[in-house]
Structure formats: C-alpha cells, structure tokens
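Summary of the model geometry
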Amino acid sequence: MAGITFSTAQRDAAKHLKEFYGIDVNDPEQLAKMEINVRNYRKRVERSFNKQNVLYKAGTYINSSLFNGNQRIDFLFTDWKPDKQKNVVKAKEVANRCFLLAKKMFAEPQKALLSGKPGVGKTSLAMAMLNALCKKNLTVMTVSTLELARLMQKRIENKDVQDKLDYLQNLMETVDVLLLDDFGTEGSMKNESKSVRQDLQEYLFRIANSRIDLNRNEVVNSTIITTNCSTKDLETMYNPKLISRLLPHSSDNIVDFTGLEDLRV
Ligand SMILES: Nc1ncnc2c1ncn2[C@@H]1O[C@H](COP(=O)(O)OP(=O)(O)O)[C@@H](O)[C@H]1O
Ligand SMILES: [Mg+2]
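Just so it is clear, the model here is predicted, and its values are computed rather than measured. (Residues numbered from 1 in each chain as written. Chains lettered and ligands numbered in written order. Predicted model: local features only at pLDDT ≥ 70, side-chain atom pairs only at ≥ 80, totals over all residues. Heavy atoms only, no water.)

As a packed pair, helix H6 (residues 145-154) and helix H7 (residues 159-174) sit with axes 9 Å apart at the nearest point and diverge in direction by 140 degrees. Between H6 and H7, the angle is such that the two are oblique. Here H6 runs over H7; the crossing is left-handed. In contact with Leu148, Leu151, Met152 and Lys154 of H6, H7 contributes Val161, Lys164, Leu165, Leu168 and Met172. (Axes fitted to C-alpha atoms, helices over the stretch in contact; angles between N-to-C directions. Helix = DSSP H or I, 4+ residues; strand = E, 2+ residues; numbered from the N terminus. Parallel < 35°, antiparallel > 145°, perpendicular 65-115°, else oblique. Left-handed = near helix turned anticlockwise from the far one by under 90°. Contact = heavy atoms within 4.5 Å.)

If you want it as structure tokens, here you go:
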C-alpha cells in the first residue's frame, strides 16, 4: 500500500482517529490488516474530524441502546446453529451472507436489510453482525423500533422522555453501525393519534438523512434493518422517500429468510 500524505487538518483528524479508533495512520500494514483501503480510510478520517461532539469511544456497544427486552445481545456467529432448521442449507446461507455483509460494512458503510417472518433468527444474526463490528472497533447501537414508537407516545406528557429521545437521536445519527430492529412493527400502532405517527416519521427522517450523503448518493454510516414486513407494506406505513433512504437498493445487501421456520414456537 502506498504511503499516505495528509493536510494539516487531516493530520489533526488522524491524530484524533488514532485515539478514537486505535488506528495508526503511519502504519500501512496496520491499515491493511484492518482491511481498510486508503479511500475508505480517508473517508473515515474526514468523517471523524467532522464529529464535533464525540459521545462515545471506539468499540463501544452504546449502552443507551433500546432493546425489546427478550433479546440475547451477546449473540455471535458461532452461536448460530443451522441444524436447528429443517432447511439447513438455507440456514447456513443466511448466516454466511450476514457474515459477509458485516465484513463489507467494515470496509465501507452499507445499508442492509434482513427480512422474513418472526422467529427465524433475523435479530440474532443482526446482533452477531453488531458484535463482530464492535470487536473491530466500530461503535454500534441497537434500537427496537417498537420501543422507539412507545417513547414517542410518552414524550408529550413527559419531558424526560423528550430529553432521552434527543439524546438517542444524536447517537442514532452518528453511530458507525445502527440496527433498527423490527422495523414496521410499530405500524400496528397506526390507529393511534396521527401526530405521534408523524413525529416518528420525522424523527427517523432526520436520522436517515444524516446517515447518507444525499448530494453524493453515498452511505455515510451503516444501518441494518430487520423486518417482518415487505417493502411494499413499509411504503404504505411510511413516506416512501424515507423507506428509499433507509433500505438498501442492491439485492446483495438484502438477506431474505424465507424458507426458515419460527424457532420460538
Ligand atoms: N439458527 C439458530 N441458531 C441458534 N439460535 C437460533 C437460530 N435461529 C433462531 N434462534 C433463536 O430463536 C429465537 C428467535 O430468533 P430471533 O433472532 O429473535 O428471530 P427474529 O428476529 O427473526 O424474530 C432466539 O432466541 C434465537 O437466538
Ligand atoms: Mg427480531
């Protein structure tokens, strides 16, 4: 790998990056080992330089993540047992695809979608991706979409909830890898007051917009979405523009769990 030259501003950023990610800019071997090519590395330098309010350190599983309560957050790829499924080949395939997606995400930010019916292992494999990326020194965060919708409902009468939502938004906008778990489940709350629904859409819009660079049509930070809904369903629940910004467009980044069975029953 060729030597890298930096401007003064970039050198400052690089110094920051070293503290932030533990990456030594002057050691190409270290960069290679971390599977970062120069282009991506520069992007990451620039990005971290732009992060004015650093809220977390490298390799952090953000502890203000919103969980749904009954999730094993320490799930690893080695915990995945394909023979729990009748269709062992398919079970192996989805895990492999998620593993490769995590690898791709480490090299360059990606949007990913894991879709399929409940109990087939989407959240588990998404957690495995997060844990792998966290070990590689990225900051990761899980947000249960249903919990987020609940907070939205409570925020009007409770100032603390609003503060928490503001804090969460800041994290969700900037974290390296964001998992939006069970996206679309909050659609069952459709009959609730319309303003709440609109609030949630606007909230997610702000987050989606800061995770992509609309001008350059580039993904800035990685987002993983798990859902039981079809894209069509999601587009009727949400503004299609939001769906287009959150969901990947390339089939390479979509893992379809169809063919696997609900292991919760
Ligand atoms: N192939 C598998 N190997 C090990 N555990 C699995 C596997 N598939 C599903 N599970 C377990 O089954 C339960 C449901 O999986 P989960 O990931 O929550 O499904 P989903 O998010 O698709 O609803 C979890 O406890 C999960 O750990
Ligand atoms: Mg799930």
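Now, onward.
Attention shifts here to the pattern of salt bridges. By the definition in use, this model includes five salt bridges. One salt bridge connects Glu261 with Lys86, and the closest N-O pair in it is separated by 3.3 Å. Of the two residues, Glu261 is situated in the segment after strand E7 (254-256) and Lys86 in the loop between helix H3 (38-50) and helix H4 (88-107); the sequence distance between them amounts to 175 residues. Measuring nitrogen to oxygen at the nearest pair gives 3.8 Å for the salt bridge that ties Arg216 to Asp213. Given a relative accessible area of 55%, Arg216 falls into the exposed group. (Salt bridge = Lys/Arg side-chain N within 4 Å of Asp/Glu carboxyl O. Buried < 20%, exposed > 50% of the residue type's maximum accessible area, 1.4 Å probe, protein only.)

Around ligand 1, 16 residues are found, and the nearest of them are Gly119, Lys122, Thr123, Ser124 and Arg264. Within the side chain of Thr123, a nitrogen or oxygen atom sits 2.8 Å from an oxygen atom of ligand 1. Within the side chain of Arg264, an N or O atom sits 2.8 Å from an oxygen atom of ligand 1. Look at ligand 1: alone it shows 560 Å² of surface, and the protein chains cover 85% of it. Taken atom by atom, the bulk of ligand 1 overlaps the largest pocket. Residue composition of the shell around ligand 1, grouped by class: five nonpolar, five polar and six charged. (Near = heavy atom within 4 Å. Polar contact = N/O pair within 3.5 Å; in protein donor to acceptor, adjacent residues only side chain to side chain. Areas by Shrake-Rupley, 256 points an atom, 1.4 Å probe, with all protein chains shown as cover. 1 Å grid on protein atoms, 1.4 Å probe; cavity = no way out; pocket = protein on both sides within 12 Å on 5 of 7 lines; lining within 4 Å. Sits in = over half its atoms within 2 Å of the grid points. Nonpolar A, V, L, I, M, F, W, Y, C, P; charged D, E, K, R; others polar.)

Spatial relationships are all this shows, so hold off on functional conclusions.
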